[in-house]
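In case you want the letters, here they are:
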Amino acid sequence: MSQFTGLKSYCCLLILGMLSAPATGPLYAQAAPAETSIASNLHISLRPYRTRIEIACDPQTRLDEFERQSLQQQLYQIIERSVGEKWLLKEPGTPQADTNTGIFENRWLPLCTSTGLSRLQPEQILERYPQQPFEKLFLITIEPAGIGYRISGREFDYYSQRLSPLSEKTTYEKMFLAETTFNLLRDLFSSVVSIETVEGEQVTVSEQASQYLTPDPGVATVQTNSYFLPFFRYLNRDREVKNIQMIPWTYLEIEEVDRKHATCSVTSALRGILGGSRRRVETLALQVQPRYPETELSLIPRGTSTQTYAGMKVQLSPLNPQEVRQLQIAAKKESEETKKPLKEPDYVTSEFLTNRSGTIEINVDPQQPLIWLYIRSGKALVANVPYLPGIDSQISIQIPDDRIRLGVEGELAVLNGELIEAVADLSMKMSRIRRWAKSEDWDKVNTGIRELESELSPRKIFQDKLNVIRVSAVKAAQAQNNRTAQARIASLCRETGDRIERFLNPTSIIDLKTEIQDLKQLSGNDKKR
């Protein structure tokens, strides 16, 4: 009997030990962190968004416990009626083992106001939720606003680790808090798509949970003319995400949508950035829309330079560089056919000059959301990128240091001035010799020709000066590893070199001597007659 009792006790201890031990095998796989590859047995269009909503109420709103719980319950019911199964959201107050998704009261925001929410950084969210057990996190604050309530919110997307700008709505009735909060969530929500095929400037994507039709078709559904920011998620061998890289100056625009796939056009300042195969890399895109009335654009130099780009010209146009180039080719062809001066095609809709800080403000245009920015230093085009104004309050563009080219332009302007004087002086001397020859003052003619031949070649003098300018500028550009400046310096110096060769060619003196010799022979023949 004692042996049986001991065996029973041992079995009980063994079972308790198994229950308390860390989970392994399939059980552990189910509880794995969400910050891994999105690859799974289900297509992305069949996976709903795991969603977590946290609501923080400012104490001055004076909402008691019952009212806060009622708000969560009402909000859940509205989401169920409008979004349906597209958002994986557990009902508040129900027993659940996994509390990662659902609607909760936020108790960790230090300041439960729009100000506190606007100060929040993505690093704080990642630190609080390192395992990332959901795809969408909505942070909501409710605070008094006069006789009503101000509801503020931000969305955090765990795929891109991007925190959306602050959005606000106001209601003056406590009974409309849940409905107003849902309207805010609907505006904050940004779809995520997986880029599946890339063919030139056409991309096929599939939205997460697109197979789940929402009861309200206008909620959480991708629409045509929507814009997306693509990004890369780099994975290790265990399919864990090690790095996330947003693709700069690249946008996808939805053109056609069906149940599972959508077709997008690509607008990018980078060539072939989405094409090609990459090992252990996921290519996704996050929906964006203008949330600010204007964007402050700053021009900053590359490298360690501290100069400010004041007085830079920024041109806005709906046409991309290829379309602009086609217009320029057509205008050049027309000029050649009609023999009229070349007219620059009109493709610029707005033009700005940067202030002392090198900044301008670009307003949102609902009729033309996506624009191209053409940035010029003088006549030189230093950058051209597409941009969607309003998705950021501030943005900066790094452009190459153009001081070397500007310095070369200044030196070449002085050299061209000296060239004009030299050409004018040479023309005056040759004109004087011709006048002496016509009056048959051959002594002065011979003296003038000897002076021209004895002087140093003006072409050689100017070529030496040009070489000094070119070599010193190229060395400075090479020190900065500025290949763009090197190419522009070479082009400017080539144009000046061609000008020197054309106007200071020594054949002009040879032709003058031949002309004088002919005049002498004609003069001798006339005397014999």
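Throughout, residues of each chain are indexed from 1 in the direction in which the sequence is written. Where local features are concerned, this predicted model is filtered to residues with pLDDT of at least 70; where side-chain atom pairs are given and counted, the filter is 80 or more; whole-chain, interface and lining totals use all residues. As a rule here, side-chain values cover all heavy atoms of the structure and leave hydrogens and water aside.

S.K.: Explain the side chain of arginine 52 here, please?
M.R.: Secondary structure is summarised from DSSP: a helix means a run of H or I of at least four residues, a strand means a run of E of at least two, and numbering begins at the N terminus for each. Structurally, the position occupied by arginine 52 is in strand E1 (residues 49-57). For the exposure calls, accessible area comes from a 1.4 Å probe over protein chains only, and a residue counts as buried if that area is under 20% of its type's maximum, exposed if over 50%, partly exposed in between. Under the relative-accessibility criterion, arginine 52 is labelled buried at 11%. Polar contacts here mean pairs of N or O atoms no more than 3.5 Å apart (in protein, one a potential hydrogen donor and the other a potential acceptor; neighbouring residues in sequence count only if both atoms are side-chain atoms). Polar side-chain contacts of arginine 52 include one of 2.7 Å to the side chain of glutamate 54.

S.K.: Is there a simple way to think about the sheet that holds strand E15 (residues 294-301) in this case?
M.R.: Strand pairing in a sheet takes place through backbone hydrogen bonds and is either antiparallel or parallel in direction. Two strands form a pair only when DSSP identifies at least two bridges running between them. Taken together, 3 strands build an open sheet; the order of strands is E18-E15-E21 and the sheet is mixed. With partners counted over all chains shown, the strands left at the sheet margins are strand E18 (359-363) and strand E21 (394-399), one partner each. Each adjacent strand pair in this sheet contributes to an overall mean axis angle of 30°, direction not counted. Where E15 and E18 come together, 5 bridges link them in antiparallel fashion. Opposite glutamate 294, over in E18, you have asparagine 363 as the bridge partner. Helix axes are fitted to C-alpha atoms over the stretch in contact, other axes to C-alpha atoms as well, and angles between N-to-C directions run from 0 to 180 degrees.

S.K.: What should I look at first to understand the packing of helix H8 (residues 403-438) against helix H11 (residues 483-503) in this one?
M.R.: The angle between the axes and the distance between the axes are what describe a pair of packed helices. Where H8 contacts H11, the two axes come as close as 10 Å, and the packing angle between them is 5°. In terms of axis orientation, H8 runs roughly parallel to H11. Where H8 abuts H11, its residues Ile404, Arg405, Val408, Glu409, Leu412, Leu415, Asn416, Leu419 and Val423 lie against Arg488, Ile489, Leu492, Cys493, Thr496, Arg499, Ile500 and Phe503. Angles are sorted into four bins: roughly parallel if under 35 degrees, roughly antiparallel if over 145, roughly perpendicular if 65 to 115, and oblique for all others. Contacts are assigned to residue pairs that have any heavy atoms within 4.5 Å of one another.

S.K.: What should I look at first to understand the packing of H8 against helix H10 (residues 458-479) in this one?
M.R.: Closest axis-to-axis distance for the H8/H10 pair is 10 Å, and the angle between their directions is 180°. With respect to H10, the element H8 is oriented roughly antiparallel. On H10, the residues that touch Ile404, Val408, Glu411, Leu412, Leu415, Glu418, Leu419 and Ala422 of H8 are Phe462, Lys465, Leu466, Ile469, Ala473, Ala476 and Ala477.

S.K.: I'm lost on the pairing of strand E10 (residues 227-235) in this one. Help?
M.R.: Along a regular strand, successive side chains alternate from one face of the sheet to the other. Burial analysis of E10 places 8 of its 9 residues in the buried class, the great majority of the element. Pairing of E10 with strand E12 (residues 250-257), which is carried by 2 bridges, proceeds in the antiparallel orientation. If you follow tyrosine 227 over to E12, its bridge partner there is glutamate 253. Summarising the sheet, E10 and strand E14 (residues 281-288) pair through 8 bridges and their orientation is antiparallel. From the neighbouring strand, phenylalanine 228 faces E14, where its bridge partner is glutamine 287. Judged from the 5 bridges that link them, E10 and strand E11 (residues 241-246) form a sheet pairing that is antiparallel. Note on E11: the bridge partner recorded for phenylalanine 231 is methionine 246. The turn linking E10 back onto E11 is made up of 5 residues, and arginine 239 within it adopts a positive phi angle of 65°.

S.K.: For this particular structure, what's the right way to read the packing of aromatic side chains?
M.R.: Two aromatic rings are characterised by how far apart their centres lie and by the angle between their planes. Centres within 6.5 Å make a pair out of two Phe, Tyr or Trp rings, where for Trp the six-membered ring is used; the pair is then stacked when the planes are under 30 degrees apart, edge-to-face when over 60, and tilted otherwise. Enumeration according to the criterion identifies 11 aromatic pairs in this entry. A ring pair is formed by tryptophan 87 and phenylalanine 189, whose centres lie 5.3 Å apart and whose planes are at 50°; its orientation type is tilted. Residue tryptophan 87 is located in strand E2 (residues 87-88), and its partner phenylalanine 189 is located in the loop between helix H6 (177-188) and strand E8 (192-199); the two are separated by 102 residues in the primary sequence. We classify tryptophan 87 as buried; its relative accessible area is 3%. Note on phenylalanine 189: relative accessible area 6%, which makes it buried. Both rings, one in phenylalanine 156 and one in tyrosine 158, keep their centres 4.8 Å apart while their planes meet at 80°; by these two values the pair is edge-to-face. The same class applies to phenylalanine 156 as to tyrosine 158, namely buried. Here a set of aromatic residues connected by ring pairs shows up, and it is made of Trp108, Tyr129, Phe134, Phe156 and Tyr158. Our definition puts a charge over a ring when NZ of Lys or CZ of Arg is within 6 Å of the ring centre and also within 35 degrees of the ring normal. Between arginine 52 and the ring centre of phenylalanine 104, over which it is positioned, the NZ or CZ distance is 4.1 Å.

S.K.: It is not clear to me how the layout of surface pockets should be interpreted in this structure. Could you clarify?
M.R.: Rolled over the atoms, a probe sized like a water molecule indicates the empty space that remains. Cavity and pocket criteria rest on a 1 Å grid covering protein atoms alone: a 1.4 Å probe that fits but cannot get out defines a cavity, protein on both sides within 12 Å along at least 5 of 7 lines defines an open pocket, and an atom within 4 Å of a point defines a lining residue. Grid points are joined across faces, edges and corners, and a volume is the space filled by probe spheres set on the points. Taken as a whole, the largest pocket spans an internal volume of roughly 830 Å³. Together, 39 residues line the largest pocket, and Thr267, Ser268, Ala269, Leu270 and Trp372 are the ones closest to its centre. Going through the elements one at a time, E12, strand E13 (262-268), helix H7 (321-338), strand E19 (371-377), strand E20 (380-387) and E21 are the ones with two or more residues in the lining of the largest pocket. The element that contributes the greatest number of residues to the lining of the largest pocket is E20, accounting for 5 residues. Gly counts as polar in this scheme, as do all residues outside two lists: the nonpolar Ala, Val, Leu, Ile, Met, Phe, Trp, Tyr, Cys and Pro, and the charged Asp, Glu, Lys and Arg. Its residues assigned to classes, the lining of the largest pocket comprises 20 nonpolar, 12 polar and 7 charged.

S.K.: Would you explain the side chain of arginine 405 in this entry?
M.R.: As for its placement among the helices and strands, arginine 405 is situated in helix H8. Judged by relative accessible area, which is 2%, arginine 405 ranks as buried. Here serine 377 takes part through its backbone oxygen, which lies 2.8 Å from a polar atom of the side chain of arginine 405. Those residues in contact with arginine 405 that lie beyond four places of it in its chain are Ser377, Ala380, Arg488 and Leu492.

S.K.: Where do I start with the environment of tyrosine 149 in this structure?
M.R.: When you line up the elements, tyrosine 149 lands in strand E5 (residues 148-157). Remark: the alpha-carbon pair of tyrosine 149 and glutamate 173, spanning 24 residues in sequence, is separated by 7.9 Å. If near-sequence neighbours (up to four positions away) are discounted, tyrosine 149 is found in contact with Thr61, Ile142, Glu143, Lys169, Thr170, Thr171, Lys174 and Leu177.

S.K.: Please clarify how the sheet that holds strand E16 (residues 313-317) should be interpreted in this entry.
M.R.: Here we have 4 strands laid out as an open sheet, ordered E17-E16-E19-E20, and antiparallel in their pairing. In this open sheet, the two strands that pair with only one neighbour each are strand E17 (350-353) and E20. Across the sheet, the mean angle separating the axes of adjacent strands is 20° when strand polarity is ignored. In the sheet, E16 pairs with E19 via 5 bridges, with the strands oriented antiparallel. In the strand pairing of E19, lysine 313 is matched with arginine 376.

S.K.: Would you mind going over helix H9 (residues 442-454) with me for this structure?
M.R.: Every α-helical turn comprises 3.6 residues, leaving residues that sit three or four positions apart pointing alike. Between the first and last C-alpha of H9 there are 18 Å, a value that for 13 residues agrees with the 18 Å anticipated at 1.5 Å per step. For H9, the set of buried residues is Trp442, Val445, Gly448, Ile449 and Leu452. All buried residues of H9 project into a common sector of 125° when viewed along the axis, lining one side. Among the exposed residues of H9, those oriented more than 90 degrees off its buried face are Asp443, Arg450 and Ser454. Take the number of residues in a helix, subtract one, and multiply by 1.5 Å to get its expected span. What the arc describes is the spread of directions from the helix axis to the C-beta atoms.

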